[in-house]
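The primary structure of each chain is shown beneath.
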Amino acid sequence: MNRSAGLSALKRLTTEYRELTLRAPEGITAGPISEDNYFLWEALIAGPDDTPYEGGIFSATLTFPKDYPLSPPVMKFTCPMYHPNVYKDGTVCISILHPPGDDPNMYEDSSERWSPVQSVEKILLSVVSMLAEPNDESGANIEASKMWRDNRDEFNRIVRENIEASLGL
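Within every chain, residues take consecutive numbers counted from 1 along the sequence as written. Where totals are concerned, whole chains, interfaces and linings use all residues; where local detail is concerned, this predicted model gives features only for residues with pLDDT of at least 70, and gives and counts side-chain atom pairs only at 80 or more. The basis for the side-chain values is all heavy atoms of the structure; hydrogens and waters are excluded.

Next up on the list: the pairing of strand E1 (residues 28-34). As defined by bridge partners, E1 adjoins strand E2 (residues 37-46) across 6 bridges and the pair is classed as antiparallel. Looking across to E2, one finds that Thr-29 is bridged to Leu-44. Whether two strands pair depends on DSSP finding at least two bridges between them. Helical segments are the DSSP runs of H or I of at least four residues, strand segments are the runs of E of at least two, and each set is numbered from the N terminus. Counting the residues that bridge the hairpin from E1 to E2 gives 2 residues.

In structure tokens form, the structure reads like this:
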């Protein structure tokens, strides 16, 4: 990767960080973990009201590639997260974070996937929507997808346990 791409990514990330500090969407905060590395961010997301995630505060990291915004970041929850669209290691699996272009599995339209017009704010808002409305058709966590469909009470119980544990309750 050439130096100018890294500088271009850094400039874009600096701009997005400034925008988020001035006009953060309700229930979302995000920014670089250290001023020495703008390619690794931490985000805090409040669980959406009227969902099993309500009352939770969920921490995650965003790791940006040096060619951002041409390629998407990787988002990973750093707290317990039981959700159909989150792998067991915490990695978020939603269309907006998939590389640009056609889906090799032909599940997603290319317009749903990453493009350079996306932003950190759009990613985080998409994750809030994902928490509110899981896509159990293409689950990253098959167990959670099945539980979401077949046993919502047990799904909600596991989510509540995770929230209480992450809040130290």
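Let's pick the thread back up.
Turning to the nonpolar core, a few remarks are in order. Formed by 40 residues in total, the largest nonpolar core has its most connected members in Leu-62, Met-75, Phe-77 and Leu-124. Only helix H1 (3-22), E1, E2, strand E3 (57-63), strand E4 (74-77), helix H2 (120-132), helix H3 (142-150) and helix H4 (152-166) provide two or more residues apiece to this core. Tallying contributions element by element places H2 first for this core, with 6 residues. Contacts are assigned to residue pairs that have any heavy atoms within 4.5 Å of one another. Not counting residues up to four positions away in its chain, the partners in contact with Leu-124 are Ile-28, Ala-30, Ala-43, Ile-45, Leu-62 and Met-75. We define the nonpolar core as a collection of buried residues of types Ala, Val, Leu, Ile, Met, Phe, Trp, Tyr and Cys that are connected through side-chain atoms lying within 4.5 Å of one another. To sort residues, take the accessible area from a 1.4 Å probe on protein chains only and compare it with the maximum for the residue type: under 20% means buried, over 50% means exposed, and anything in between is partly exposed.

Of the consecutive residues Tyr-68 and Pro-69, the connecting peptide bond is found in the cis state with omega at 10°. Here Pro-69 shows up in the loop between E3 and E4. You will see that Asp-50, though not glycine, has its phi angle at about 60°, which is positive. Accessibility expressed as a relative area gives 74% for Asp-50, which makes it exposed.

What follows is about the environment of Ala-132. Position of Ala-132 among the secondary structure elements: in helix H2. Ala-132 sits in the partly exposed class, given a relative accessible area of 32%. Spatially, the C-alpha atom of Ala-132 lies 14 Å from that of Val-92, the residues being 40 residues apart in sequence.

Residues Glu-26, Asp-49, Asp-50 and Glu-54 make up a contiguous surface patch of negative charge. Here Glu-54 lies in the loop between E2 and E3. You can call Glu-54 partly exposed: its relative accessible area is 34%. The patches described consist of residues with a relative accessible area above 30% and no salt bridge, like charges being joined within 9 Å and nonpolar side chains (Val, Leu, Ile, Met, Phe, Trp, Tyr) within 5 Å. Residue burial considers only the protein chains on display, and all accessible areas are found by Shrake-Rupley using a 1.4 Å probe. Salt-bridge detection follows one rule: a side-chain nitrogen of Lys or Arg within 4 Å of a carboxyl oxygen of Asp or Glu. Under the convention used here, Asp and Glu are negative, Lys and Arg are positive, and both His and the chain ends fall outside the count. Each charge is placed at NZ for Lys, CZ for Arg, CG for Asp and CD for Glu.

Moving on, we get to the pairing of E2. Here 7 bridges tie E2 to E3, and the two strands are oriented antiparallel to one another. Bridge pairing in E3 links Leu-40 to Thr-63.

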